[in-house]
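What follows is the residue order along each chain.
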Amino acid sequence: INAEYMGELHFHVFQKVLQTGALLGLCTGFVLGFSRGRNLASAGTDAALGAVRGCLLAPVAPVLVELIIRNAPQDAIYDRSYRLRHNKGQIRTDRFSTVGALCGLTGAMLTGRGKGPAVGQGIALGTLTAAAWGLASNVA
């Protein structure tokens, strides 16, 4: 199996696990924080921690890829990589989440706050922004 295509699939699944984990962690952290503290400050704190905890699922990504493609023919792997490489919505989401992570890291470095929660929030907010952008461009 071509290493280039395998690398693309691994990177794609890694990013998807990060994005999904950050979003789920952000949402569940917000709900749990609000239900425990009954105010937005505690909800925001728990949402930030939830986002970074969700990103901790990322090491599962290589295992998922290997389980999925274990018996897949090389043509199927090539086809999937090709479709990912040329999917504008997927590229947009990956770029927005990366920019969100970098913005979160930069903001945390400038303010002296925790870098992990800021990166997790940046990934989640970048992913949500890409989704909103995609919806808005389909409506317009």
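Let me begin by describing the structure that accompanies this report. (Residues numbered from 1 in each chain as written. Predicted model: local features only at pLDDT ≥ 70, side-chain atom pairs only at ≥ 80, totals over all residues. Heavy atoms only, no water.)

1. What about the environment of Leu26?
- With respect to the element layout, Leu26 can be found in helix 1 (residues 3-37).
- A relative accessible area of 15% places Leu26 in the buried class.
- In the structure, Leu26 is positioned 23 residues away from Leu49 in sequence and 7.6 Å away in space, judged by C-alpha atoms.
- Once you skip the residues sitting within four places of it in the chain, Leu26 turns out to touch Ala47, Gly50, Ala51, Gln121 and Ala124. (Helix = DSSP H or I, 4+ residues; strand = E, 2+ residues; numbered from the N terminus. Buried < 20%, exposed > 50% of the residue type's maximum accessible area, 1.4 Å probe, protein only. Contact = heavy atoms within 4.5 Å.)

2. So, the pattern of salt bridges
- Applying the stated rule across the entire model yields 4 salt bridges.
- When the shortest N-O distance is used, the salt bridge between Asp94 and Lys16 registers 3.1 Å. Of this pair, Asp94 sits in helix 5 (residues 88-111) while Lys16 is found in helix 1, placing the two residues 78 residues apart along the sequence.
- Assessed through its relative accessible area of 14%, Asp94 is described here as buried.
- With its nearest N and O atoms 3.5 Å apart, the salt bridge here joins Arg36 to Asp46. Of this pair, Arg36 sits in helix 1 while Asp46 sits in helix 2 (residues 40-55); the two residues are 10 residues apart in sequence, bridging distant segments of the chain. (Salt bridge = Lys/Arg side-chain N within 4 Å of Asp/Glu carboxyl O.)

3. Looking at the packing of aromatic side chains
- For the structure shown, the criterion picks out 3 aromatic pairs.
- Pairing Phe30 with Phe34 gives two aromatic rings, centres 6.3 Å apart and planes at 10°, and the pair type is stacked. Here Phe30 and its partner Phe34 are both found in helix 1, 4 residues apart, which amounts to about one turn of the helix.
- Assessed through its relative accessible area of 37%, Phe30 is described here as partly exposed.
- A centroid spacing of 5.6 Å and a plane angle of 75° characterise the contact between Phe96 and Trp133, whose relative ring orientation is edge-to-face. Highlighted residues: Phe96 in helix 5 and Trp133 in helix 6 (residues 115-139), separated in sequence by 37 residues. (Phe/Tyr/Trp six-rings, centres within 6.5 Å; stacked < 30°, edge-to-face > 60°.)

4. Here's the deal with the side chain of Gln90
- With respect to the helices, strands and loops of the structure, Gln90 is situated in helix 5.
- For Gln90, a relative accessible area of 18% gives the class buried.
- In contact with Gln90, other than residues within four places in its own chain, are His12, Lys16 and Leu84.

5. Focus: helix 4 (residues 74-85)
- With 12 residues, helix 4 should cover 16 Å at 1.5 Å per step; its first-to-last C-alpha distance of 16 Å lies within 8% of that length.
- Buried residues of helix 4: Ile77, Ser81 and Leu84, and no others. When helix 4 is viewed along its axis, its buried side chains cluster within an angular range of 65° and face the same direction.
- In the core, the buried residues of helix 4 are packed alongside helix 1, helix 3 (61-69) and helix 5. (Expected span 1.5 Å × (residues − 1). Arc of directions from axis to C-beta.)

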